[in-house]
Amino acid sequence: MTRIQMGSYSNESFEEFLDSLKAAGVVISNERELRERLAEIQRWRFAFMTLASHGEPLGIRFEVQGAGLDEAGIQQVFEQFQFPSSAVQAFAASRKTSH
């Protein structure tokens, strides 16, 4: 089995990844900006994690609204798109809770 490193090329697109996160209950603020930035580069996984941690000045935020968040689903999305296990914890730390 070949292991693909974070940021390496794979057949999955960042569009599919973001759509999967949204299906798991994540709300993305300034999604258009995030998509534009990820479209510019091939190493979109690395860019996504950087923007998840430091995108707030650009208006890029990941929020939880109500009880609609599927934590297991989010973990499954990260695994499906071949992120390292540490990425799930980093992403969880970057999310904000919206009331």
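All values reported here derive from a predicted model rather than from experimental measurement.

### So, the pattern of salt bridges
Two side chains with opposite charge may pair up if their charged atoms get near one another.
(1) Moving on: Applying the stated criterion to the full structure yields 5 salt bridges.
(2) Moving on: Salt bridges here are not isolated pairs; linked through shared partners, they connect Asp 19, Lys 22, Glu 31 and Arg 35.

### A word on the confidence of the model for the chain
(1) Moving on: Across the chain, the average pLDDT comes to 81, with 82% of residues at 70 or higher.
(2) Moving on: Across residues 1–10, confidence stays below pLDDT 50; counting only partners more than four residues off in sequence or on other chains, it has 17 contacts.

### Observations regarding the packing of aromatic side chains
(1) Moving on: Enumeration according to the criterion identifies 14 aromatic pairs in this entry.
(2) Moving on: Between the aromatic rings of Trp 44 and Phe 81, the centroid separation amounts to 6.3 Å while the plane-to-plane angle is 70°, which identifies the pairing as edge-to-face. Here Phe 81 lies in the loop between α4 (71–80) and α5 (85–94) and Trp 44 lies in helix α3 (residues 44–54), a separation of 37 residues in the sequence. In this structure, Trp 44 and Phe 81 share a single accessibility class: buried.
(3) Moving on: The rings of Phe 17, Trp 44, Phe 48, Phe 62, Phe 78, Phe 81, Phe 83 and Phe 91 are connected pair by pair, giving a single aromatic cluster.
(4) Moving on: The ring centre of Phe 46 lies 5.8 Å from the NZ or CZ of Arg 43, which sits over that ring.

### So, the side chain of Ser 29
(1) Moving on: Note that Ser 29 resides in strand β1 (residues 26–29).
(2) Moving on: The exposure class of Ser 29 is buried, given its relative accessible area of 13%.
(3) Moving on: Those residues in contact with Ser 29 that lie beyond four places of it in its chain are Gly 59, Ile 60, Arg 61 and Glu 63.

### Some points on the nonpolar core
(1) Moving on: Phe 17, Phe 48, Phe 78 and Phe 91 are the most contacted members of the largest nonpolar core, which totals 27 residues.
(2) Moving on: For this core, the secondary structure elements donating two or more residues are α1 (14–23), β1, α2 (31–39), α3, β2 (61–65), α4 and α5.
(3) Moving on: Counting residues per element, this core draws most heavily on α3, at 6 residues.
(4) Moving on: Ignoring any residue separated from it by four or fewer positions in sequence, one finds Phe 91 in contact with Leu 21, Val 26, Phe 48, Met 49, Ala 52, Phe 62, Ile 74 and Phe 78.

Definitions and cut-offs
- Residues numbered from 1 in each chain as written.
- Predicted model: local features only at pLDDT ≥ 70, side-chain atom pairs only at ≥ 80, totals over all residues.
- Heavy atoms only, no water.
- Salt bridge = Lys/Arg side-chain N within 4 Å of Asp/Glu carboxyl O.
- pLDDT = per-residue confidence, 0-100.
- Contact = heavy atoms within 4.5 Å.
- Phe/Tyr/Trp six-rings, centres within 6.5 Å; stacked < 30°, edge-to-face > 60°.
- Helix = DSSP H or I, 4+ residues; strand = E, 2+ residues; numbered from the N terminus.
- Buried < 20%, exposed > 50% of the residue type's maximum accessible area, 1.4 Å probe, protein only.
- Lys NZ or Arg CZ within 6 Å of the ring centre and 35° of its normal.
- Core = buried A, V, L, I, M, F, W, Y, C linked by side-chain atoms within 4.5 Å.

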